[in-house]
Number of protein chains: 2
Amino acid sequence: MRPFFDLAITLPPQGSGDLLRTVHRQLRAAIDDGRLQPGLRLPSTRALAAALGVSRNTVVAAYDLLLSEGYLVIHPNVGTYVANLASQPMPSRTPNRVSLPDVRLNEFWRQPPPIFPGPMSRDAFRYDFRVGLPDKTLFPFSLWRRLSTRILRPLTKTPAAYTEPEGREALRVAITKHISYARAVSCRVENVVVTAGAQQAFDLLARILVTPDKTVVAVEEPGYPPLRAAFAAARAKIAPIPVDHEGLVVERLPEDARVIYVTPSHQCPLGVTLSARRRAALLDFAQSRGAVVIEDDYDGEFRFNDRPIDALQTLDRHGSVFYVGTFSKSLFPSIRLGYVVTPLWARRALVAAKAYTDWHCAVIAQDMLAAFIEEGHLLRHIRKMHKIYAERRSILKQSLDRHCGDRLSVIGADVGLHLTVELAESLQARKLALTAAAEGIRLQPLDSYATQKPARNGFALGYGMIQANQIDEAICRLAQTMDKIG
Amino acid sequence: MRPFFDLAITLPPQGSGDLLRTVHRQLRAAIDDGRLQPGLRLPSTRALAAALGVSRNTVVAAYDLLLSEGYLVIHPNVGTYVANLASQPMPSRTPNRVSLPDVRLNEFWRQPPPIFPGPMSRDAFRYDFRVGLPDKTLFPFSLWRRLSTRILRPLTKTPAAYTEPEGREALRVAITKHISYARAVSCRVENVVVTAGAQQAFDLLARILVTPDKTVVAVEEPGYPPLRAAFAAARAKIAPIPVDHEGLVVERLPEDARVIYVTPSHQCPLGVTLSARRRAALLDFAQSRGAVVIEDDYDGEFRFNDRPIDALQTLDRHGSVFYVGTFSKSLFPSIRLGYVVTPLWARRALVAAKAYTDWHCAVIAQDMLAAFIEEGHLLRHIRKMHKIYAERRSILKQSLDRHCGDRLSVIGADVGLHLTVELAESLQARKLALTAAAEGIRLQPLDSYATQKPARNGFALGYGMIQANQIDEAICRLAQTMDKIG
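Along every chain, residues carry numbers that run from 1 in the direction the sequence is written. In the order they appear in the text, chains get letters beginning with A and ligands get numbers beginning with 1. Two thresholds apply to this predicted model, a pLDDT of at least 70 for residue-level local features and 80 or more for giving and counting side-chain atom pairs, whereas whole-chain, interface and lining totals are computed over all residues. Just so you know, side-chain values use all the structure's heavy atoms and leave hydrogens and water out.

Colleague: How would you summarise the packing of helix H14 (residues 429–438) of chain A against helix H15 (residues 468–485) of chain A if you had to cite specific residues and measurements?
Modeller: Residue and element names in this part refer to chain A. To get an axis, fit a line to the C-alpha atoms, keeping to the stretch in contact for a helix; angles then go from 0 to 180 degrees between the N-to-C directions. Helix and strand assignments follow DSSP, with helices taken as H or I runs no shorter than four residues and strands as E runs no shorter than two, numbered in order from the N terminus. Following both chains from N to C, one finds H14 and H15 inclined at 120°, their axes separated by 10 Å at the closest point. With respect to their mutual orientation, H14 and H15 come out oblique. Crossing hand, H14 versus H15: right-handed. In this structure, H14 uses Lys 431, Leu 432, Thr 435 and Ala 436 to contact H15, whose residues at the interface are Leu 478, Thr 481, Met 482 and Ile 485. Looking at the contact of H14 with H15, its residues break down into five nonpolar, two polar and one charged. Should an angle fall under 35 degrees it is taken as roughly parallel, and over 145 as roughly antiparallel, whereas 65 to 115 is taken as roughly perpendicular and any remaining angle as oblique. Rotating anticlockwise by less than a right angle from the far helix to the near helix defines a left-handed crossing, while the corresponding clockwise rotation defines a right-handed one. We call two residues in contact when some of their heavy atoms are within 4.5 Å. Residues are sorted three ways: Asp, Glu, Lys and Arg are charged, Ala, Val, Leu, Ile, Met, Phe, Trp, Tyr, Cys and Pro are nonpolar, and all the rest, Gly among them, are polar.

Colleague: Describe the nonpolar core, with residues and values.
Modeller: Buried Ala, Val, Leu, Ile, Met, Phe, Trp, Tyr and Cys residues that are joined via side-chain atoms within 4.5 Å together make up what is termed a nonpolar core. We call a residue buried when its accessible area falls under 20% of the maximum for its residue type, exposed when it is over 50%, and partly exposed in between, using a 1.4 Å probe and counting protein chains only. Ranked by internal contacts, the top residues of the largest apolar core, which has 137 residues, are Trp 144, Phe 327 and Leu 331 of chain A together with Phe 129, Trp 144, Phe 327 and Leu 331 of chain B. Discounting chain neighbours no more than four positions away, the residues touching Leu 331 of chain B are Pro 134, Phe 139, Trp 144, Leu 369, Phe 372 and Leu 378 of chain B. Core analysis: the next-biggest nonpolar cluster, separate from the first, contains 111 residues, Ala 229 and Phe 322 of chain A together with Val 292 and Trp 359 of chain B among them.

Colleague: I'd like a description of the packing of aromatic side chains, backed by residues and values.
Modeller: Residue and element names in this part refer to chain A. Pairing of aromatic rings covers Phe, Tyr and Trp, the last through its six-membered ring, and needs centres within 6.5 Å; plane angles under 30 degrees mean stacked, over 60 mean edge-to-face, and all others mean tilted. Within this structure, the stated rule accounts for 36 aromatic pairs over all chains. On the numbers, 5.6 Å between centres and 50° between planes, the contact of Phe 327 with Tyr 339 is tilted. Here Phe 327, found in the loop between strand S10 (321–326) and strand S11 (338–341), pairs with Tyr 339, found in strand S11; they are twelve residues apart in sequence, far enough to count as distant. By relative accessible area, which is 2% here, Phe 327 ends up buried.

Colleague: Tell me about the interface of chain A and chain B, and name the residues and values.
Modeller: Listed by partner, the interface residues are 99 residues for chain A and 100 residues for chain B. Summing both sides of the interface, chain A and chain B together bury roughly 8700 Å²; the carbon and sulfur share of this comes to 58%. In short, buried area is how much 1.4 Å probe accessible area vanishes from two parts on joining, totalled over both. The largest contributions to the chain A side of the interface with chain B come from Arg 104, Arg 348 and Tyr 356 of chain A, which together make up 12% of the buried area. Every case where a carboxyl oxygen of Asp or Glu lies within 4 Å of a side-chain nitrogen of Lys or Arg is listed as a salt bridge. Asp 203 of chain B serves as the salt-bridge partner of Arg 207 of chain A, at 2.7 Å between the closest nitrogen and oxygen. For the purposes of these results, a polar contact is taken to be a pair of N or O atoms within 3.5 Å, where, inside protein, one atom must be able to donate a hydrogen and its partner to accept one; residues adjacent in sequence count only when each atom of the pair is a side-chain atom. On inspection of chain A and its partner chain B, the count reaches 23 residue pairs in polar contact (both at pLDDT 80 or more). Among the elements of the structure, helix H1 (19–32), helix H3 (56–68), helix H4 (107–110), helix H5 (141–155), helix H7 (197–209), helix H8 (225–233), helix H11 (344–358) and helix H12 (363–374) of chain A are those that each provide at least two residues to the side of chain A that touches chain B. Top element by residues in the side of chain A that touches chain B is H11 of chain A. It accounts for 13 residues. A class-by-class count of the residues in the side of chain A that touches chain B yields 55 nonpolar, 22 polar and 22 charged.

Colleague: Help me get a handle on the sheet that holds strand S15 (residues 444–445) of chain A, residues and values and all.
Modeller: Residue and element names in this part refer to chain A. Ordered in space as S12-S13-S16-S15, the four strands form an open sheet in which the pairing is antiparallel. Among the strands making up the open sheet, the edge pair consists of strand S12 (408–411) and S15. Two strands pair when backbone bridges link them, and S12 and strand S13 (residues 418–423) are joined in this way by four bridges, in the antiparallel orientation. Paired with Ile 411 across the strands is Thr 420, a residue of S13. At least two DSSP bridges between two strands are required for those strands to pair.

Colleague: Tell me what's going on with empty space enclosed by the protein, and back it up with residues and numbers.
Modeller: Space inside and on the surface of the protein is sampled on a 1 Å grid over the protein atoms alone, with a cavity defined as a set of points where a 1.4 Å probe fits but cannot get out and a pocket as an open set with protein on both sides within 12 Å along at least 5 of 7 lines; lining residues have an atom within 4 Å of a point. Grid points are joined across faces, edges and corners, and a volume is the space filled by probe spheres set on the points. A full pass over the atoms with the stated rule returns twelve cavities of 30 Å³ or more. Estimated volume of the largest cavity: approximately 430 Å³. What lines the largest cavity is a set of 34 residues, and nearest its centre among them are Ile 335, Ala 362 and Ala 365 of chain A together with Ala 362 and Ala 365 of chain B. For the lining of the largest cavity, the residue count by class is 23 nonpolar, six polar and five charged.

Colleague: Summarise the relation of the copies chain A and chain B; cite the residues concerned and give the values.
Modeller: A least-squares fit on C-alpha atoms brings the copies together, and the residues used are those whose pLDDT is at least 70 in both copies. For the pair chain A and chain B, the best superposition has an RMSD of 0.1 Å and corresponds to a rotation of 180° with a translation of 0.1 Å parallel to the axis. In the structure described here, the two chain copies are related by an operation that fits a two-fold rotation axis.

Colleague: Go over the confidence of the model for chain A, please, and point to the residues and values.
Modeller: Residue and element names in this part refer to chain A. Residues at a pLDDT of 70 or more form 90% of chain A, whose mean pLDDT is 88. Each residue carries a pLDDT score, the predictor's own confidence in it, on a scale running from 0 to 100. The low-confidence segment residues 1–5, where pLDDT is below 50, has nine contacts with residues more than four positions distant or belonging to other chains. Within the model, pLDDT remains below 50 along residues 86–100, and this stretch shows 65 contacts once partners closer than five positions in the same chain are excluded. Interface predicted TM-score (ipTM) for the complex: 0.81; the corresponding pTM is 0.81.

Colleague: So what's going on with the side chain of Glu 301 of chain A? Residues and values would help.
Modeller: Residues and elements named next belong to chain A. The residue Glu 301 is located in the loop between strand S9 (292–296) and helix H10 (312–315) in this model. When charges are counted, Lys and Arg are positive and Asp and Glu negative, with His and the chain ends excluded. The side chain of Glu 301 sits in the buried core without any salt bridge; Arg 183 is the nearest counter-charge, 5.9 Å away. Those residues in contact with Glu 301, other than ones at most four positions away along the chain, are His 178, Arg 183, Thr 326, Ser 330, Ile 382 and His 386.

Colleague: So what's going on with the pairing of strand S16 (residues 458–462) of chain B? Which residues, and what values?
Modeller: Residue and element names in this part refer to chain B. Taking burial as the measure, the five residues of S16 include five buried ones, the bulk of the element. Along S16, one buried face is formed by Gly 458, Ala 460 and Gly 462 and the opposite face, lined by Phe 459 and Leu 461, is buried too. The pairing of strand S13 (residues 418–423) with S16 spans five bridges and is antiparallel. By the bridge assignment for S16, Leu 419 is matched with Leu 461.

Colleague: Any details on the sheet that holds strand S8 (residues 257–262) of chain A? Residues and values, ideally.
Modeller: Residues and elements named next belong to chain A. Strand order in the open sheet formed by eight strands is S4-S11-S10-S9-S8-S5-S6-S7, and the pairing between neighbours is mixed. Only two strands of the sheet have a single partner each, and these edge strands are strand S4 (192–195) and strand S7 (247–248). As defined by bridge partners, S4 adjoins S11 across four bridges and the pair is classed as antiparallel. Bridge assignment links Val 192 to a residue of S11, and that residue is Val 341. Each of S4, S8, S9, S10 and S11 touches H7; the most contacted strand, S10, lies at about 155° to it.

Colleague: Go over the pairing of S10 of chain A with me, naming the residues and quoting the values.
Modeller: Residue and element names in this part refer to chain A. Taken across its six residues, S10 has six buried, putting it largely inside the fold. Pairing of S9 with S10, which is carried by four bridges, proceeds in the parallel orientation. Bridging across to S10, Val 293 finds its partner in Val 321. Two strands pair when backbone bridges link them, and S10 and S11 are joined in this way by four bridges, in the antiparallel orientation. Bridging from a neighbouring strand, Val 324 pairs with Val 340 of S11.

Right, dumping it as C-alpha cells:
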C-alpha cells in the first residue's frame, strides 16, 4: 500500500486548534478528487496520527466525520475503506455506518441500521431518475411568498405560546376537507394529527404501538427503508412479507403480526396497487387479531388511470387503520409537514407522543399551509402537476418500449411519481446502475429496498427530477449502456 | 345527583353523522359556562348514552375528547369528573390523563405521565405570570417578513430534496458564532445539531443515551417536567436529586447515574445558579463514571448581574457535556428551533436519530433564522429584550418587597425570564394560586415542578407575558389576596 502521508496533508501551525477540520477537509478533498480511490483501505487511526504528527483523537474524529458523511465505510473486524459514492445513488445524505461506538450510547444507536442502505451521492446527475421527489421548480413560490407576508401579520399580535400538539385547528380542518374530497378518506377534524412529515408519523406510531422486543410488525418486502428504520429503533420484531402483482401477500402475514404497514395505492417500490380482495382480507385480518394497519398514501394524489380503489381507511369499520399522508410529494419535502388520520382510541396517546417529542410543528408553516389548502391552491397545484407527471410517465413508458424492448418490463399501476421496471435476467440492476452513473444517469436499483436475497432485479425510475424533454435521450443512453454490459 | 340529561343537549337528526361532535361540543359548552361544575362526577357512558338515545361508542368518544382537552379527569376505579381548570394554570394544553386504554397501545402510552402535571387553562388572565414564555409582541416581525420574502426567492430554484438531518450548514455556522460570542460555548460547526426546539433535543438524547429499564438519569427536584417526560418515555430510571442554594446537590448523585440533567444558569424553577464548586464536582463525577451531562441553557441569554459563570460545556475537557439551546425564549416558541452542541463521539448517533425521527427541520425556517442571526438581528433583539426584562424584573422585586413584605422571599439569581419566590409557612402556594386565579392573576406554584412531597412552597413568576406597568398593580392585588386567605 502506498504510504498514506504521500497525500500531502498540510497542517496548520501547532496550537491553532483547527487540526481536526484541516485533516477532515483534506481527506475529503482527496476522496473527492480521486487521490483516494473507492475501495481503498485506510491506515489505522494510530498509524495516520503518527504519520501526521497529530493526536490519535484528531484522526479518530476526522474518520468519524467522514463516516457520517458517507465518504468512508466500515467493514467490521477488517478496516475502514473509502466508500464507493457513485455506485450507490441515494435520495438523501444520512449517516449510514457507525464505527468507534461509544459505550455511553445505548446499544441500538452504537450501530443503527442505515435509514436508507448505502452511502448516497450528492453529485448532480445529468439524467436524474431519483425516486420520491416532486418537481419543486414548478411550485408557485411567488404565491407562497404573498401568503407568508399575510400570515405573518396577525401572528405579530398573538402572545407567545405553545399551541396544540395535534396541530393548528385551521390546518386540521383544511386537511380533513382535502382528503375527504381528494382521497375519499372519511374523517373528522378530531382524527387528524399534524406531524413533521410522514417520517414523524411513522416514528410516533412506532412509539405508541410497539412493545420493545415483542410486537411483530409486518412490512412489505421490498419496502420503504425509513419506515423499517423507525420501527427497528422502537425495537419491533420486523416481519418482511412478500409483495406480488396484487400487492402485499396478506395470506403470508404471521398470526402474531400486530402492526401491518402497507402502501396500497402504489407499492413502494414495486408500484403495484393492493387488490380489492387483498384489502378486504387485510382488514379482516386486522379486525380478527386486534392488529392495526398503517396505510401510507405517499403519492396517491397522482393516479393516471380511471380505476380508483377506496383507501383502506375508507373501507375500515373497526378503527383498525392509521392513514398517513404527506405534503412532501404534493408540495415539497423540505416543508416537513404530514399527518395521521387516527382512530379515536389512539388519539390521546398519539397527541401525547407528539407533545413529548417536540410539542408541536412550527406554527407559521402550519398556518401558511392551511391558507394554501383552504384557498384552493393545493388542488390547483395537484391538478397542474398531475398533467405534467402524466406526460412524463407516458413518455417514459414509450421510450422504454422503444429503446429497451424486451430487456426490461414495466410493472405496477399508473400511479404516483415513479415507474418500476424489472430487468431481463441477462442484466444485473446494480451493475447497470454503476455503469449508468458513469454516463450521468442516476438509477435506483430495487435491491436498495430489499432486506432479503435474491432481491427483485430492476429499478424504480422517479420522474420528479427529470424534464419531459430529457427522458427519451436518457433512456436511449440507458439502452446503449445495456448494450455495453449486456 | 341531578339527572345529567337536564343539560338540554340537542341532537342533530338521526343519521346526520355529526352526533359525536354535537355531544362533545355541548358537554364542553356546559363545562365552559358552568352548568357542569368542577369536581362534578359524570354519569357512566352507558347511562348517558341511554339518556340521550345515542350509541355508547359516541359517548365514550366524546368523553375521550374532553379528557384529551383537559376538561375531564379520571379518578381510577372511581369515575370521570369535570376538571378544575381554573385551579391549575399551566403553560400549554396537552393531553394529561388517559382513560379507556386500548390494548393495541403499548403499556407506556396507555397511561403516559402528563408532560406537565394537571390540566391547563386556556383562559386569558388579566395579570399573567406564566413561566417560560417571552414577550413575542416585541419581536421584529416586519423584519422577519422581509427576510421571509428574500429567503423564499432562491428556494424556488433549488430542486426538491431532503437535506442534512443535522441542520442547514448556514444555520449551524450562525449558531456556532452566536453561542461562542454570547455564551462562550466552545464548539465547531460539526458539533451543532439543529432540533425542533429543546424538547426534541431532550427526546433525541433520551433515545441515544437510555437503555430501557436500566439507565439511571438524574434530574433536578424540583425540575422541568417535560424533560422528565421525555426520559420516562424512553424508560429511563429517573433519580430526582435535590436542589439547594448552590443548585443541584452533586454530592447526592447516585453512583450509577449515567445521565445528569441540569439547568446551571438558572435552575428551573428555583432560579438558582449552579456554583463554580458544584460545576467542577459535576464534571468530575461525569468523567470518572463515564456519565454525561445535559446542560439546558434555556434562558441564559438574559443575565442581569455581572457575574457570568462559564457554561459546563466551556469547562468540559472530556466530551461529557451536551449543551442544549433554544430559540423559544430569545425569539418565540412557535418557531420550534433549538440545537444541541454534541461531543463528536455522539454526533453520528444523534444525527441518525434525528433522521429516523423526522429527517430534518423545515428548511425555510432554518434559512430565515440563519440570516436573522448572521445579520445581527438576534443579538440586537436580545439586547432590546434584555433591557425590557431587566426593568420588569426590577419592578417585580420592588413590588413584592413593598406589598408582600415578609410573607414571601425572593430566591435565585438575577437571570432569565422568571423570578422565584418562597412563601411564608402561613400561606399555601396551591391555595393562594386558586384564589388569585379568581382575581385574574395567573401564578405557577412550585409543586407543579415537583415529584416528591413536601414540595417547596412558592411560585415561579414569569414576566414575559406581563407589561411593566401592570406589575405593581398585580402584586398589590396578590397581597390583598394573601390578606384574605392568610
